[in-house]
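Examining the three-dimensional arrangement
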Amino acid sequence: MNPIHRFAAALGAALFAALAVCAPASAADRRSEVINRDWTFTLGDPADGQAVDRDTADWRRVDLPHSFSEPYFLGTGFYVGHGWYRKQLMLPAAAAGRRVSLEFDGVFQDAEVFVNGHRAGRHVGGYTGFSIDITPFAKPGANLVAVRVNNEWNAHVAPRAGEHVFSGGIYRNVRLVMTDPVHVAWYGTFVTTPQVAEDRATVRVQTEIRNDRPGAAARIALVSEVLDAGGRRVAMQRSERTVPASSTVTYDQTLPAIASPRLWSPDQPHLYRMVSRLYVDGRPVDRYETPFGIRSVRFTADRGFFLNGKHLYLIGANVHQDQAGWGDGVTDGAARRDVQMIKDAGFNFIRGSHYPHSPAFTQATDELGLLFWSEAPFWGIGGFGADGNWLSSAYPPDPDDRPAFEASVLQQVQEMVRIHRNRPSVFVWSASNEPFFTKGEAMPAMRDFLRREVEFFHRIDPTRPVAIGGAQRGEIDRLGDVAGYNGDGATLFLDPGIPSVVSEYGATMTDRPGEFEPGFGLMPDTPDQKALAPSAPASGAAGAAPAYSWRYPWRSGEALWAGFDHGSIASIEFGSMGFIDYFRLPKRQYHWYRQVYAGVPPPVWPVKGTPAGLSLTASQTVIRGTQGLDDAQLVVTVRDEAGRALSNSPDVTLSIVSGPGKFPTGRSIRFSNKSLVAIRDGQAAISFRSYFAGKTVIEASSPGLKPARLEITTTGPDRFVPGRSPLAPDQPVVAYPPVTRKAFEGDPINVTISRPTSTSGSQPGHEAPLANDDQPQTEWRASAKEGPAFWAVDLENLYTLHWLSVILPDDQAPAFVVEISTNASDWRQVGETKPGRKSYEFALFDPVVNARFLRIRFPAVSPDHPAALSEVRVIGKPAN
């Protein structure tokens, strides 16, 4: 079955349960309702957008999840500024005397929330959820909720930099929650398993209980019980305390040991439920459920990673959250499909690049069985410039900006931990990704902050290790419990004496279909491989596989860059390194992994032929609910008269013939091989949503070809009534101006600093990164004494090169040639030298030179003329 569609059956029951409004068993029980549908929206910042009597006739209807830049199909630009959302909210008479709150799973990045014209609260931080108490402003009957959002770059807010896109919007779910004034706080349980063994496990739960009863202390009993997957109680504990008015008290309970627990693992993702019941004077006032798992994790410096006491080599992929058309505003169902596709490829973990992912994402990793590396939004980008947008220094160069920025990181760390701490799949926190892309004078302060950030993680969650992601430069790899080495870090840090993983490898830059090969990048070139015994291949590997000689006993695992294509301010090409494309269609690289790791043969590749018709398939033909938690992935395939899939890619249009629903572009979407809304290799795909219940007929058409139709049924309330229910308007794709780097005084820019390197070999103490560390006093020296040698750099993006400067430690170097490439296999010579000089400069702008890789090759090294480089500087800018 197509990997896009495989998860559909498993999605049903879990997602349907999430869609339902919790029907209270008594008037005092908690009620939680998703309120994603039927908002109004406008771009810009009109005055009094929160006013109850404001005329919003020129605003348009939107449904959540929603992004400012929707529809978004790659591109290096996106809307930056303000946007306003409004929603009419009806509260029942029973809301009187209750605590009423709004829970947001994610708004990028500055959100002010108003209720009935009153400012109820504000949250700054684009990747973590938050709860706003609206009790003082809400009333039974009609209420107006307004949210003012802006995504403007802020020197004080993390992230300051990154290679992703940073579109604004309420791009994750929103819930209305009503509870008794005595209640379990927002994400207020922390379930841990201090002792884990196959024969018994202990469970500890810390429960934050809030008493919002004005002026009255309350004697509150907490009953915590653990239920297994079948609903059978396996442990229970009761505690009672007095909680003062307007205060929060944490109950700390260790429940009786659970005999023969079912341990969570990727192969067997068993889950339990912690049910927390609150009583005041014997009357039930709240019931709160927390899914959790029982498992243990341990990283070691010499033997790798252990899950539940058993060695496990981590095989993973880096995953960004955005998808074609909808941008960052993806549904829970779409997030679950992403997790399932990584699982189906035979992988066992995902690195959440490079920010906290949604609660729905980690729910999926829990339930489907994938370990998850959860990362704080503190990351950098190579080639950064002066402050002003996301092409800035990762850590603030200006000391005045640092206290607020550090507070922003720690706030989002605390929220990330609070939201995801009960997920058994979350096995490590990460403090950063490549924060060494920081202006030189700020590097000591950046390292000091990383050290304090790790300590903060340990204080709020002592049960998980903390990684430094992207730790291959800047002397930061030993500041945490685990080092994550990106790119050439896999070859530079051999047996580093600390727990470590290769947190990024590969970076194959290609459009679909690509090549049927793994793209292991630099890992097969790891030097001194024979000095250490390699570990066994990944569990479940089958078919023709490499020797995996880089999987040393001390190495804990590796993560492909990347799982999916994604939006990027660096370039469209930079965002095309996934083994699955932006439309969630696998490249051939994906099928290589799926065959070798999961034992699933690749499909028959499409071929050129004579197109006769189209086929149209869906990941599922039932969308559950009308609140935008679910959707269906549609795939159009070009076929010949015999029904064979072709690689021909004519223009194709998907149209809603009848019924409710929408594509990111409205009621239709057109794919072209000359557009970013692309059809490639004979296939196009997009996810379809409906916020009304009913049957939808969708047609795929192309001039001269037989069309195809498909029916999708959306269940739930809010029936679609033809002629009365609103239809989704057309939304054009807008080409926003690209995010451009702001120049430092005294520019131009050197795009090689701290980029990944490779060589023919290095002398100890003179490794390859010393030739592009922006310090001419250090140097790379080749290990070769005779014959050829080379040094190469991966610029990690496609650049237009203007100037090359090569500084040598002395004038004894042999002649060398300069070569460039876009793919590290097809090289073109752009310069050559004669020996006898200490520096060389090359003009590369005539004709225009675009490249990702640069190599300096020494054809003939000798003892009297060794190969060495002090500093290589390439002046350039992104090619697009």
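**Overview of the overall build of the protein**
Regarding its fold elements, the protein presents seven helices and 48 strands. Buried positions account for 61% of the 880 residues belonging to the protein. For the protein, the accessible area works out to roughly 31,700 Å², and carbon and sulfur atoms hold 52% of it. In the protein, 89 positive and 94 negative side-chain charges are present, and the distance between their average locations comes to 6 Å.

**Considerations on empty space enclosed by the protein**
For the coordinates displayed, the defined rule picks out three cavities of 30 Å³ or more. Taken as a whole, the largest cavity spans an internal volume of roughly 40 Å³. As for the largest cavity, its lining consists of Gln323, Ala324, Tyr582, Phe583, Arg584, Gln633, Ile686 and Ser687. In this structure, the second largest cavity is lined by Glu434, Phe436, Phe437, Gln472, Arg473, Asn486, Asp488, Ser754, Arg755, Pro756 and Glu796. Looking at the lining of the second largest cavity, its residues break down into three nonpolar, three polar and five charged.

**Digging into the pairing of strand 46 (residues 849-861)**
Note: strand 42 (residues 787-807) against strand 46, ten bridges, orientation antiparallel. In the sheet register, glycine 787 faces strand 46, and the bridge partner there is valine 861. The sheet contact formed by strand 43 (residues 817-821) and strand 46 spans five bridges and is antiparallel. Bridge pairing links serine 821 to phenylalanine 853 in strand 46.

**Brief notes about the sheet that holds strand 22 (residues 304-307)**
An order of 21-22-23 is seen for the three strands of this open sheet, with the pairing classed as antiparallel. Every interior strand has two partners, whereas the edge strands, strand 21 (297-300) and strand 23 (310-311), have only one. As defined by bridge partners, strand 21 adjoins strand 22 across four bridges and the pair is classed as antiparallel. Across the sheet, the residue bridging to threonine 300 is glycine 304, located in strand 22.

**Some thoughts on unusual backbone geometry**
Residues glutamate 70 and proline 71 are joined by a peptide bond in cis, for which omega reads 5°. Tracing the sequence through the fold places proline 71 in the loop between strand 3 (60-62) and strand 4 (82-91). A cis geometry characterises the amide bond from alanine 158 onward to proline 159, with omega recorded as 0°. As for its placement among the helices and strands, proline 159 is situated in the loop between strand 10 (141-150) and strand 11 (169-170). If you check the backbone angles, alanine 507 has positive phi at about 60° while not being a glycine. Checked against the element boundaries, alanine 507 lands in the loop between strand 30 (500-506) and strand 31 (555-561).

**A short note on the confidence of the model for the protein**
Close inspection of predicted coordinates is inappropriate for parts of the model with low pLDDT. Of all residues in the protein, 94% attain a pLDDT of 70 or more, and the chain-wide mean is 92. Predicted confidence for residues 1-27 stays below pLDDT 50, and this span has 55 contacts to residues more than four positions away or in other chains. Overall, residues 529-544 carries pLDDT values under 50, and its contacts beyond four positions in sequence, including any with other chains, amount to 31 contacts.

**Considerations on helix 2 (residues 332-344)**
Between its first and last C-alpha, helix 2 extends 18 Å over 13 residues, near the 18 Å set by a 1.5 Å rise per residue. Among all positions in helix 2, only Asp332, Gly333, Ala334, Ala335, Arg336, Arg337, Asp338, Val339, Gln340, Met341, Ile342 and Asp344 are buried.

**Remarks on the pairing of strand 20 (residues 283-292)**
Bridge count for strand 19 (residues 272-280) against strand 20 is nine bridges, and the pairing is antiparallel. Across the sheet, the residue bridging to tyrosine 279 is proline 284, located in strand 20. Adjacent in sequence and paired antiparallel, strand 19 and strand 20 are bridged by two residues, among which aspartate 281 carries a positive phi angle near 55°.

**As for the packing of aromatic side chains**
In the structure shown here, the tally under the stated rule is 53 aromatic pairs. Each ring, one from tyrosine 79 and one from tyrosine 736, has its centre 6.3 Å from the other, and the planes form 65°; the classification is edge-to-face. Separated by 657 residues along the polypeptide, tyrosine 79 in the loop between strand 3 and strand 4 and tyrosine 736 in the loop between strand 39 (708-714) and strand 40 (757-759) bring together distant segments of the chain. Classification of tyrosine 79 by relative accessible area gives buried; the value is 17%. Connected via pairs of aromatic rings, a cluster forms that spans Phe347, Tyr505, Phe520, Tyr548, Trp550, Phe579, Tyr590, Trp592, Tyr593 and Tyr597. Cation over ring: arginine 241 sits above tyrosine 251, and NZ or CZ is 5.5 Å from the ring centre. Over the ring of phenylalanine 306 we find arginine 298; its NZ or CZ atom is 4.8 Å from the centre of that ring.

**Some thoughts on the nonpolar core**
One finds Phe347, Leu634 and Leu654 to be the most contacted residues of the largest nonpolar core, which totals 114 residues. The dominant element in this core, judged by the number of residues it contributes, is helix 5 (residues 443-460), at eight residues. Among residues more than four places away in sequence, those in contact with leucine 634 are Leu616, Thr617, Ala618, Leu654, Phe663, Ala684, Ala685, Ile686, Phe688, Ile698, Leu710 and Ile712. Counting 32 residues, the second-largest nonpolar core is a separate cluster that includes Ala771, Ala784, Val849 and Ala851.

**Let's talk about the packing of helix 4 (residues 402-420) against helix 5**
A packed helix pair is summarised by two numbers, namely the angle formed by the two axes and the spacing between the axes. Between helix 4 and helix 5, the least distance of the axes is 11 Å, while the angle of their chain directions is 30°. By the angle class used here, helix 4 and helix 5 are roughly parallel. The handedness of the crossing between helix 4 and helix 5 is right-handed. Seen from helix 4, the contacting residues are Arg402, Glu406, Val409, Leu410, Val413, Gln414, Met416 and Val417; seen from helix 5, they are Ala445, Phe449, Arg452, Glu453, Phe456, Phe457 and Ile460. Residues belonging to the contact of helix 4 with helix 5 are distributed by class as follows: ten nonpolar, one polar and four charged.

**Focus: the environment of arginine 277**
Within the fold, arginine 277 resides in strand 19. Arginine 277 sits 94 residues away from histidine 183 along the chain, and the two C-alpha atoms are 9.2 Å apart. Filtering out sequence-adjacent residues up to four positions away, arginine 277 remains in contact with Ala221, Leu222, Val223, Glu225, Asp286 and Arg287.

**Details of the sheet that holds strand 36 (residues 668-671)**
Pairing in this open sheet of five strands is mixed, and the strands run 33-39-38-35-36 from one edge to the other. Of all strands in the sheet, those bounded by a partner on one side alone are strand 33 (622-623) and strand 36. Pairing geometry for strand 33 and strand 39, over two bridges, is parallel. Counted as the bridge partner of valine 622 is threonine 713 from strand 39.

**Examining the side chain of aspartate 477**
Within the fold, aspartate 477 resides in the loop between strand 28 (466-469) and strand 29 (482-486). Buried and unpaired, aspartate 477 has no salt bridge, with arginine 478 as the nearest side chain of opposite charge at 4.5 Å. At a separation of 2.7 Å, a polar atom in the side chain of aspartate 477 contacts the side chain of tyrosine 485. If near-sequence neighbours (up to four positions away) are discounted, aspartate 477 is found in contact with Ala471, Ala483, Tyr485, Phe493 and Ile498.

**Points about the pattern of salt bridges**
Opposite charge on two side chains allows them to pair when their charged atoms are near. Scanning all chains against the criterion turns up 56 salt bridges. Measuring nitrogen to oxygen at the nearest pair gives 2.6 Å for the salt bridge that ties arginine 148 to glutamate 112. Of this pair, arginine 148 sits in strand 10 while glutamate 112 sits in strand 7 (residues 110-115), placing them 36 residues apart in sequence. In this structure, lysine 587 engages aspartate 565 in a salt bridge whose closest nitrogen and oxygen atoms are separated by 2.9 Å. In this pair, lysine 587 sits in the loop between strand 31 and helix 7 (588-598) while aspartate 565 sits in the loop between strand 31 and helix 7, placing the two residues 22 residues apart along the sequence.

About the criteria used
Residues numbered from 1 in each chain as written. Predicted model: local features only at pLDDT ≥ 70, side-chain atom pairs only at ≥ 80, totals over all residues. Heavy atoms only, no water. Helix = DSSP H or I, 4+ residues; strand = E, 2+ residues; numbered from the N terminus. Buried < 20%, exposed > 50% of the residue type's maximum accessible area, 1.4 Å probe, protein only. Areas by Shrake-Rupley, 256 points an atom, 1.4 Å probe, with all protein chains shown as cover. Lys, Arg positive; Asp, Glu negative; His and termini not counted. Charge placed at Lys NZ, Arg CZ, Asp CG, Glu CD. 1 Å grid on protein atoms, 1.4 Å probe; cavity = no way out; pocket = protein on both sides within 12 Å on 5 of 7 lines; lining within 4 Å. Points joined across faces, edges and corners; volume = space filled by probe spheres on them. Nonpolar A, V, L, I, M, F, W, Y, C, P; charged D, E, K, R; others polar. Pairing = 2+ DSSP bridges. pLDDT = per-residue confidence, 0-100. Contact = heavy atoms within 4.5 Å. Expected span 1.5 Å × (residues − 1). Phe/Tyr/Trp six-rings, centres within 6.5 Å; stacked < 30°, edge-to-face > 60°. Lys NZ or Arg CZ within 6 Å of the ring centre and 35° of its normal. Core = buried A, V, L, I, M, F, W, Y, C linked by side-chain atoms within 4.5 Å. Axes fitted to C-alpha atoms, helices over the stretch in contact; angles between N-to-C directions. Parallel < 35°, antiparallel > 145°, perpendicular 65-115°, else oblique. Left-handed = near helix turned anticlockwise from the far one by under 90°. Salt bridge = Lys/Arg side-chain N within 4 Å of Asp/Glu carboxyl O. Polar contact = N/O pair within 3.5 Å; in protein donor to acceptor, adjacent residues only side chain to side chain.

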